[in-house]
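Here is how the chains run, residue by residue.
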Amino acid sequence: MALTPEDVVTKQFQHVRFKEGFDPDEVDDFLDEIVVEWRKTIAENEELKAKLAAYESGESSPAEVVEATVVEESAPAVVESVPAPAVEAPAAGGVAASAGIIELAQRLHDEHVAEGQAQRDKLISEAQAKAASILAEAEAKGRDEMARLESERVTLEGRISELRQFERDYRSQLRGFIEEKLRDLDVAGATSGASSVSAS
């Protein structure tokens with residue numbers, strides 16, 4: 001598909017971020033100039049094609065075609081010296097100018113694409129480095145947290161062991177105390193019984 005002035009007008013470039021690039025306003029202004037000149041060249045070509053078609057169909061003579069072209073360009077002195085075949089020269093020049101404009105637009109486009117790709121690669125690289133850093137930091141924090149929890153677990157298990165030992169000791173002491181009191185009661189009961197029998 002041939003590139004048209006409308007393609008240049010409607011072409012959208014991605015704005016550069018985090019890096020200096022071409023000034024978008026300056027690029028837009030330059031492309032506007034290209035479009036104006038391009039449209040003039042296309043109009044010129046169409047007009048010359050129409051005049052050439054009129055000449056080839058016999059509707060006008062070569063002198064009339066040349067005269068009309070020169071009058072439109074405000075250069076009457078050239079009318080007598082320009083032969084009929086010279087009518088095609090402006091068209092060829094217009095094609096060359098169009099090719100130059102297209103080449104320039106293509107080069108600008110390629111530069112923008114290359115710059116966008118470089119910026120994309122840089123952003124991807126930075127994002128990957130940041131992701132790796134965040135992952136490493138998270139893993140380090142995870143290891144520290146696991147070590148802290150393990151330490152707490154050991155401390156708690158030690159405390160539980162102490163409490164269990166305290167419970168065993170307490171139960172043992174309580175049992176000994178109760179048994180001692182029961183023995184005292186048995187002794188006191190036996191002594192009291194013997195005294196009652198003696199009194200009888």
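The model shown is predicted, which means the values in this text are computed figures rather than measured ones.

### With respect to the overall build of the protein
For the protein, the helix and strand inventory stands at 4 helices and 0 strands. Reading the protein from its N terminus to its C terminus gives the helix and strand order α-α-α-α. Buried residues in the protein amount to 13% of all 200 residues. When contacts within the protein are restricted to residue pairs at least 6 apart in sequence, long-range pairs at least 24 apart make up 67% of them. Summed over all atoms, the accessible surface of the protein reaches about 15500 Å², with 58% contributed by carbon and sulfur.

### Observations regarding the nonpolar core
Ranked by size, the top nonpolar core spans 8 residues in total: Val8, Val27, Leu31, Ile34, Val35, Trp38, Ile101 and Leu108. Among the secondary structure elements, those contributing two or more residues to this core are helix H2 (24-56) and helix H4 (88-199). Ranked by the residues each element gives to this core, the list is headed by H2, at 5 residues.

### Thoughts on a negative patch on the surface
Among the surface-exposed residues, Asp23, Asp25, Glu26, Asp28, Asp29, Asp32 and Glu33 lie close enough to one another that they form a single negatively charged patch. Overall, the relative accessible area of 55% leaves Glu26 in the exposed class.

### Section: the packing of aromatic side chains
Tallied over the full model, the rule gives 1 aromatic pair. Ring centres of Phe166 and Tyr170 lie 6.3 Å apart, and the angle between their planes is 20°; this geometry places the pair in the stacked category. Here Phe166 and its partner Tyr170 are both found in helix H4, 4 residues apart, which amounts to about one turn of the helix. Accessibility expressed as a relative area gives 55% for Phe166, which makes it exposed.

### Quick word on the confidence of the model for the protein
Summary statistics for the protein give a mean pLDDT of 77 and a share of 72% for residues scoring 70 or more. Of the regions scoring below 50 in pLDDT, residues 74-91 engages in 18 contacts with residues more than four places distant in sequence or in other chains.

### Things to note about the pattern of salt bridges
In the structure shown here, the tally under the stated rule is 10 salt bridges. Glu137 is the partner of Lys141 in a salt bridge, and the nearest nitrogen-oxygen pair spans 3.6 Å. Here Lys141 pairs with Glu137, and both are found in helix H4, just 4 residues apart, close to one helical turn. Taking relative accessible area as the criterion, Lys141 reaches 55% and is therefore assigned exposed. Classification of Glu137 by relative accessible area gives partly exposed; the value is 44%. Its salt-bridge partner being Arg153, residue Glu150 comes within 2.3 Å of it at the nearest N-O pair.

### Things to note about a nonpolar patch on the surface
On the surface, a nonpolar cluster with roughly 740 Å² of combined accessible area is contributed by Phe166, Tyr170, Leu174, Phe177, Ile178, Leu182 and Leu185. Inspection of the secondary structure assignment puts Ile178 in helix H4.

### Section: H2
The terminal C-alpha atoms of H2, which comprises 33 residues, lie 47 Å apart, in line with the 48 Å expected from a rise of 1.5 Å per residue. Along H2, the residues classified as buried are Val27, Leu31, Ile34, Val35, Trp38, Thr41, Asn45, Leu48, Lys51 and Ala54.

Parameters and conventions
- Residues numbered from 1 in each chain as written.
- Predicted model: local features only at pLDDT ≥ 70, side-chain atom pairs only at ≥ 80, totals over all residues.
- Heavy atoms only, no water.
- Helix = DSSP H or I, 4+ residues; strand = E, 2+ residues; numbered from the N terminus.
- Buried < 20%, exposed > 50% of the residue type's maximum accessible area, 1.4 Å probe, protein only.
- Contact = heavy atoms within 4.5 Å.
- Areas by Shrake-Rupley, 256 points an atom, 1.4 Å probe, with all protein chains shown as cover.
- Core = buried A, V, L, I, M, F, W, Y, C linked by side-chain atoms within 4.5 Å.
- Patch = residues over 30% accessible without salt bridge, like charges linked within 9 Å, V, L, I, M, F, W, Y side chains within 5 Å.
- Salt bridge = Lys/Arg side-chain N within 4 Å of Asp/Glu carboxyl O.
- Lys, Arg positive; Asp, Glu negative; His and termini not counted.
- Charge placed at Lys NZ, Arg CZ, Asp CG, Glu CD.
- Phe/Tyr/Trp six-rings, centres within 6.5 Å; stacked < 30°, edge-to-face > 60°.
- pLDDT = per-residue confidence, 0-100.
- Expected span 1.5 Å × (residues − 1).

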